[in-house]
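If you want the building blocks of each chain, they are given just below.
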Amino acid sequence: MEYNHEHKAERIGWIRAVVLGANDGIVSTASLVVGIAASGVAADHLFLVGLAALVAGAMSMAAGEYVSVSSQTDIERAELALEQQHLDENWTAEVHELATIYRKRGLDSELALTVAKKLMEVDPLGSHARDELGITELAQGNPLQAALFSALSFSAGAALPLITVLLFSVENLIPTIIVISLGSLVLLGGVSAHVGGASKTKAALRVLIWGALAMLVSMGIGQLFEVTV
Ligand SMILES: [Zn+2]
């Protein structure tokens, strides 16, 4: 029988970013529109509110993701440069450092030293990066690409409540936006859990509860400030 044991961690990185962006877009824009709608503002203003939410949210996602990924990359680069310096200056100490790590993981002393020597023959910096610093290639991202991905997925999510505002009459707008948004949140949560190999029910329930909570709170605040039309 064939041994099929595929892991999904590599795909999860960017899928996580895309799902997170779309989730954010749906929840924040739908909540804002529902909140403003509950205050009794005219329908043509609602579209403008939603559009502003989309643009502001996409920009903020892009900026946040860019800063986060590039500072992470900066930190990793600095760590690797320092490690390379240590390797250049004190090879023997670095061999023993790596051997100690393997000994702590359960190899006996002789084997640990052999493994450390062999791995440092093949890829000195790489072996220290992985086993000493915990830096893998997975974590190294492109900040510009991450920013673009987040902004686009946020916009795609935010477009849902925005299109709903255009298509439905103002009387039914609040329940329609809530149903469409929660429905797509559940779908998105289920799909991402399926791709990542996690529990679909748990993921769907999680986004459903948080999404509903966000919209209810916004609606409550909107009603507090009800304007007379
Ligand atoms: Zn080292």
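Throughout, residues of each chain are indexed from 1 in the direction in which the sequence is written. Under the rules for a predicted model, residues below a pLDDT of 70 receive no local features and side-chain atom pairs below 80 are neither given nor counted, while totals for whole chains, interfaces and linings still include all residues. With hydrogens and water set aside, each side-chain value is computed from the structure's full complement of heavy atoms.

J.: I would appreciate a short explanation of the coordination of the zinc ion in the present structure.
T.: Ideal values for angles at a metal depend on the geometry: 109.5 degrees with four tetrahedral donors, 90 or 180 degrees with six octahedral donors. Water is absent from the atoms considered, so a metal site may look incomplete; donors are defined as N, O and S atoms within 2.8 Å of the metal, or 3.2 Å for Na, K and Ca. Around the zinc ion, the protein contributes the donor atoms Glu83 (OE), Glu94 (OE), Glu97 (OE), His128 (ND1) and Glu132 (OE), which lie 1.9 to 2.3 Å from the metal centre. In the primary sequence, the donor residues of the zinc ion line up as E-x10-E-x2-E-x30-H-x3-E. A residue pair is termed a helical-turn pair when its members lie 3 or 4 positions apart in one helix, as Glu94 and Glu97 do in helix α3 (residues 91–104) at three residues. The secondary structure listing takes helices from DSSP runs of H or I that are at least 4 residues long and strands from runs of E that are at least 2 residues long, numbered from the N terminus.

J.: It is not clear to me how the pattern of salt bridges should be interpreted in this structure. Could you clarify?
T.: Opposite charge on two side chains permits pairing when their charged atoms draw close. Salt bridge, as applied in this entry: a Lys or Arg side-chain nitrogen positioned within 4 Å of an Asp or Glu carboxyl oxygen. Evaluation of the coordinates by the stated rule reveals two salt bridges. A salt bridge links Asp131 to Arg105; the nearest nitrogen and oxygen atoms lie 3.4 Å apart. Here Asp131, found in helix α5 (residues 124–133), pairs with Arg105, found in the loop between α3 and α4 (109–122); they are 26 residues apart in sequence, far enough to count as distant. Note on exposure labels: buried denotes an accessible area under 20% of the residue type's maximum, exposed denotes more than 50%, and partly exposed covers the range between, all computed with a 1.4 Å probe on protein chains only. Residue classification places Asp131 among the buried residues on the basis of a relative accessible area of 18%. Judged by relative accessible area, Arg105 falls into the exposed class, the value being 54%. Where Lys118 meets Glu121, a salt bridge forms, and the shortest distance between an N and an O atom there is 3.4 Å. With Lys118 and Glu121 both in helix α4, this residue pair falls three residues apart, about one helical turn. Residue class for Glu121 comes out exposed when judged on its relative accessible area of 60%.

J.: Just checking my understanding: could you explain the side chain of Ser184 for this structure?
T.: Structurally, Ser184 is set in helix α7 (residues 173–196). At 3.1 Å, the side chain of Ser184 forms a polar contact with the backbone oxygen of Ser181. By the convention used here, residues are in contact when the closest approach between their heavy atoms is within 4.5 Å. When sequence neighbours within four positions are dropped, the list of residues in contact with Ser184 reads Ile26 and Leu160. Here a polar contact is recorded for every N or O atom pair within 3.5 Å, except that within protein the pair must consist of a potential hydrogen donor and a potential acceptor, and residues adjacent in sequence are included only if both atoms are side-chain atoms.

J.: What is the right way to read a nonpolar patch on the surface from this model?
T.: Residues Leu205, Leu208, Ile209, Trp210, Leu213, Val217, Ile221, Leu224 and Phe225 make up a contiguous nonpolar surface patch of roughly 960 Å² in combined accessible area. With respect to the element layout, Ile221 can be found in helix α8 (residues 200–224). Owing to a relative accessible area of 45%, Ile221 belongs among the partly exposed residues under this scheme. Patches in this entry comprise residues that are over 30% relatively accessible and not in a salt bridge; like charges within 9 Å are linked, as are nonpolar side chains (Val, Leu, Ile, Met, Phe, Trp, Tyr) within 5 Å. Only the protein chains shown count as cover for residues, and all accessible areas are computed by the Shrake-Rupley method using a 1.4 Å probe.

J.: Would you mind showing me how to read the environment of Asn23 here?
T.: With respect to the element layout, Asn23 can be found in helix α1 (residues 9–38). The sequence separation of Asn23 and Gly189 amounts to 166 residues, and the corresponding C-alpha distance is 8.5 Å. The residues touching Asn23, leaving out its near neighbours within four places in the chain, are Leu185, Leu188 and Val207.

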